[in-house]
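These are the residues of each chain, in order.
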Amino acid sequence: MNNVLSRLRNVPAKAMNAAEYGADFAREFERASGVLWKLERAQNFDEGDLSSYLAMLDGDWNRAMELADQMRPGFRADNPDRMDFRRIRVVEEPFSQYVRWELAFLSIRAEEGENSRVVPVSAVHPHEAEGPVPELVLFNPALLYEVLYDETGKHTGARKITDPEVVEPCIPVLAGLFEKGEDLRTYCARMRVV
């Protein structure tokens, strides 16, 4: 069971670049319902030209949070009533600058309906005998994306996995991590992130 997540990197999948993944994800999202899982493991990502991210990189925390707050309507749209979006954010302490910003950013998303929990890196260590667990989005027992990034944290695409024998065993692992997690907003308040 401990290799369920790590083996994802080696199973057959449809490779997609970032644009192909974005279009495919949008199609699947429009018809999805029920629980949608997202697992985030990396401690640094490159968010491109996202204005809040750029303000954070410039050291302007207040502006970064103002810009994030302006994105609320989009965050609401990302959480339709037909879906329970469950994010599991793996966090290493002390926080990287990116993680501190992302936790504050995700707090706003949580206020708009995202169901997010934080787990310490120790929670995923049992699943990391072959390296860090992959970044992933799981729509249903027959659809999972391994989301890909380069060494700088820039999004490069995804691998689409549709084999239920590979995808379905991931669900109880993600559910177990989620169950162990702390509500993201509670965590942020306790850690004085925002």
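As shown above, the structure is provided for reference.
Residues numbered from 1 in each chain as written. Predicted model: local features only at pLDDT ≥ 70, side-chain atom pairs only at ≥ 80, totals over all residues. Heavy atoms only, no water.

Caption draft 1: Inspection of the overall build of the protein at higher detail. For the protein, the count of helices and strands is eight helices and eight strands. By the compact-globule yardstick of 16 Å for 194 residues, the protein fits well, its C-alpha radius of gyration being 16 Å. In terms of overall dimensions, the protein has C-alpha extents of about 45 × 35 × 35 Å along its principal axes. Taken over 194 residues, the protein has a buried fraction of 47%. Entry remark: accessible area of the protein is about 9,500 Å², with carbon and sulfur atoms responsible for 49%. (Helix = DSSP H or I, 4+ residues; strand = E, 2+ residues; numbered from the N terminus. Rg over C-alpha atoms; globule rule 2.2 N^0.38 Å. Buried < 20%, exposed > 50% of the residue type's maximum accessible area, 1.4 Å probe, protein only. Areas by Shrake-Rupley, 256 points an atom, 1.4 Å probe, with all protein chains shown as cover.)

Caption draft 2: Molecular detail of the sheet that holds strand 4 (residues 115–120). Spatially, eight strands are ordered 1-7-6-5-2-3-4-8 in an open sheet, and the strand pairing comes out mixed. One side of each edge strand has no neighbouring strand; the edge strands of this open sheet are strand 1 (14–17) and strand 8 (182–183). Of the pairings in the sheet, the one linking strand 6 (residues 143–149) to strand 7 (residues 155–161) comprises six bridges and is antiparallel in character. Bridged to Y145 within strand 7 is K160. (Pairing = 2+ DSSP bridges.)

Caption draft 3: Representation of the packing of aromatic side chains in the model. Here the structure, examined in full by the defined rule, presents 15 aromatic pairs. Geometrically, the ring pair formed by W37 and F178 is edge-to-face, given 5.6 Å between the ring centres and 80 degrees between the ring planes. Taken together, the residues span a long stretch of sequence, with W37 in strand 2 (residues 34–40) and F178 in helix 7 (residues 170–180) at a distance of 141 residues. With a relative accessible area of 5%, F178 lands in the buried category. Ring geometry for Y98 versus W101: centroids 5.5 Å apart, planes at 55 degrees, classification tilted. With Y98 and W101 both in helix 5 (residues 97–111), this residue pair falls three residues apart, about one helical turn. (Phe/Tyr/Trp six-rings, centres within 6.5 Å; stacked < 30°, edge-to-face > 60°.)

Caption draft 4: Molecular detail of unusual backbone geometry. Omega for the bond connecting E93 with P94 falls within 30 degrees of zero, at 0 degrees, which places this linkage in the cis form. Topologically, P94 is positioned in the loop between strand 3 (83–91) and helix 5. A positive phi angle is found at R192, which is not glycine, with a value near 55 degrees. If you trace the backbone, R192 turns up in the segment after helix 8 (184–190). For R192, a relative accessible area of 72% puts it in the exposed group.

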